Amino acid sequence: MNYTTATRVFRPTRRLTHPHHIWHHHHHHLVHNTGLLQYFLSRRLSTLNYEDDGNNTTKPLTGIRVLDLSRVLAGPWCTQLFGDLGAEVIKIEHPEKGDDTRHWGPPFYMDNDQKQSAYYSCTNRNKKSVALDISSSSGQDALRKIAAKSDVVIENFKVGALEKYGLSFNHIKEINPRIVYCSITGFGQEGPMKDLPGYDFAIQAMGGLMSITGNKEEPYKCGVAIVDLMTGLYSSSAILSALYHRNIRPSSPAQFIDI
């Protein structure tokens, strides 16, 4: 199994059985560093204000931490934008297979003689990956500790799926009263379709987009997952608005975003 992003490579050397093994890229060498979790927990990043280092290298979202529980495209596309803008993005992945898209292709490319998914790499740059089992009590405890010291949590589980793990908005706001929590689902948190899964091509069909790219007799989906990409963009805009609201209103409570 190879953990790869566009800017760093994570290569576990053994099966991931511990609930929170962490890999990161350090001075161009691959480092297995279980102490990195404690590093995350020792830091509190909680303000949009930052100091310019004099070289104009400080990015707009330097000082913001994002806990990324999302998978595949819409959520990761959103958090990749945050990473590009300087936020610290901590991506949680399945402890054995990682994000689903690590195995999607073609296209694939070779990196140090290892086949990598181009799909995954172009959606998850500028992130730190943590292999963590959220179904275990120790994994849930570790996640709550990271969430308590984060500014943003984003997830794309089915409605209510994180309740049983103690990781829902109602749980997280108790330990972090100023959190911005974004949930991405197919049809929202309420309504008759809230429990249905949402897929890009299904939304393209339901919204009539396929009849525009094709025709009534032969509808075609767009060549790219345009619904997922736009969802990621809308999510980033909503989260930035919530962060701004929090920054100018220090007494504002935790905020929930339903995408």
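Conventions adopted
Residues numbered from 1 in each chain as written. Predicted model: local features only at pLDDT ≥ 70, side-chain atom pairs only at ≥ 80, totals over all residues. Heavy atoms only, no water. Phe/Tyr/Trp six-rings, centres within 6.5 Å; stacked < 30°, edge-to-face > 60°. Helix = DSSP H or I, 4+ residues; strand = E, 2+ residues; numbered from the N terminus. Buried < 20%, exposed > 50% of the residue type's maximum accessible area, 1.4 Å probe, protein only. Salt bridge = Lys/Arg side-chain N within 4 Å of Asp/Glu carboxyl O. Pairing = 2+ DSSP bridges. 1 Å grid on protein atoms, 1.4 Å probe; cavity = no way out; pocket = protein on both sides within 12 Å on 5 of 7 lines; lining within 4 Å. Points joined across faces, edges and corners; volume = space filled by probe spheres on them. Nonpolar A, V, L, I, M, F, W, Y, C, P; charged D, E, K, R; others polar. pLDDT = per-residue confidence, 0-100. Contact = heavy atoms within 4.5 Å. Expected span 1.5 Å × (residues − 1). Axes fitted to C-alpha atoms, helices over the stretch in contact; angles between N-to-C directions. Parallel < 35°, antiparallel > 145°, perpendicular 65-115°, else oblique. Left-handed = near helix turned anticlockwise from the far one by under 90°.

Student: So what about the packing of aromatic side chains? Which residues, and what values?
Tutor: All chains considered together, the criterion is met by 5 aromatic pairs. Measuring from centroid to centroid gives 5.7 Å for Phe169 and Tyr181, while their planes differ by 65°, and the two rings are edge-to-face. One end of the pair, Phe169, is in helix α5 (residues 169-175); the other, Tyr181, is in strand β11 (residues 180-183), with 12 residues separating them in the sequence. Here Phe169 matches Tyr181 in class, with each residue buried.

Student: Quick one: what's the story with the pattern of salt bridges, residue by residue and with numbers?
Tutor: Under the defined criterion, the tally for this structure stands at 10 salt bridges. Arg65 serves as the salt-bridge partner of Glu88, at 3.0 Å between the closest nitrogen and oxygen. One end of the pair, Glu88, is in strand β6 (residues 88-93); the other, Arg65, is in strand β5 (residues 65-69), with 23 residues separating them in the sequence. Here the two residues Glu88 and Arg65 agree in accessibility, since each one is buried. Across the salt bridge formed by Asp68 and Lys127, the nearest N and O atoms sit 3.6 Å from each other.

Student: Lay out the pairing of strand β7 (residues 108-111) in plain terms, naming residues and giving numbers.
Tutor: If a strand is regular, its side chains alternate between the two faces of the sheet. Judged from the 4 bridges that link them, β7 and strand β8 (residues 114-117) form a sheet pairing that is antiparallel. Each residue of the ladder has a partner; that of Asp111, found in β8, is Gln114. Where β7 folds back on β8, the antiparallel hairpin that results is connected by 2 residues, among which Asn112 adopts a positive phi of roughly 50°.

Student: Can you lay out empty space enclosed by the protein for me, pointing to particular residues and giving the numbers?
Tutor: Counted under the stated rule, the structure contains 1 cavity of 30 Å³ or more. The space that makes up the largest cavity amounts to roughly 30 Å³. Elements with a contribution of two residues or more to the lining of the largest cavity: β5 and α4 (137-148). Of the residues belonging to the lining of the largest cavity, the class tally is 7 nonpolar, no polar and 1 charged.

Student: So what's going on with the confidence of the model for the chain? Which residues, and what values?
Tutor: Per-residue pLDDT for the chain averages 82, and the proportion of residues at 70 or more is 78%. Residue range residues 1-34 is modelled with pLDDT below 50. Its contacts to residues more than four positions away, or to other chains, number 103 contacts. Contacts for the low-pLDDT stretch residues 45-50, under 50 throughout, to residues beyond four places or in other chains number 26 contacts.

Student: Provide a residue-level description of helix α8 (residues 226-248), including the pertinent values.
Tutor: Compared with the 33 Å implied by 1.5 Å per residue over 23 residues, the 33 Å span of α8 between its first and last C-alpha is a close match. Turning to α8, its buried residues number three or more, namely Val227, Leu229, Thr231, Gly232, Ser235, Ser236, Ile239, Ala242, Leu243 and Arg246. Looking at the buried positions of α8, the neighbouring elements they touch are α2 (74-84), β10 (152-155), β11, α6 (200-207) and β12 (255-258).

Student: Outline the packing of α2 against α8, supporting the account with residue identities and numerical values.
Tutor: Geometry of a packed helix pair, given as the angle between the helix axes and the separation of the axes. Across the interface, α2 lies against α8 with an axial gap of 7 Å and an inter-helix angle of 50°. By the criterion of interaxial angle, the relationship of α2 to α8 is oblique. α2 and α8 meet at a crossing whose hand is right-handed. Contacts from Ala74, Trp77, Cys78, Leu81 and Phe82 in α2 reach Asp228, Leu229, Thr231, Gly232, Leu233, Ser235, Ser236, Ile239, Leu240 and Leu243 in α8. Among the residues forming the contact of α2 with α8, the class breakdown is 10 nonpolar, 4 polar and 1 charged.

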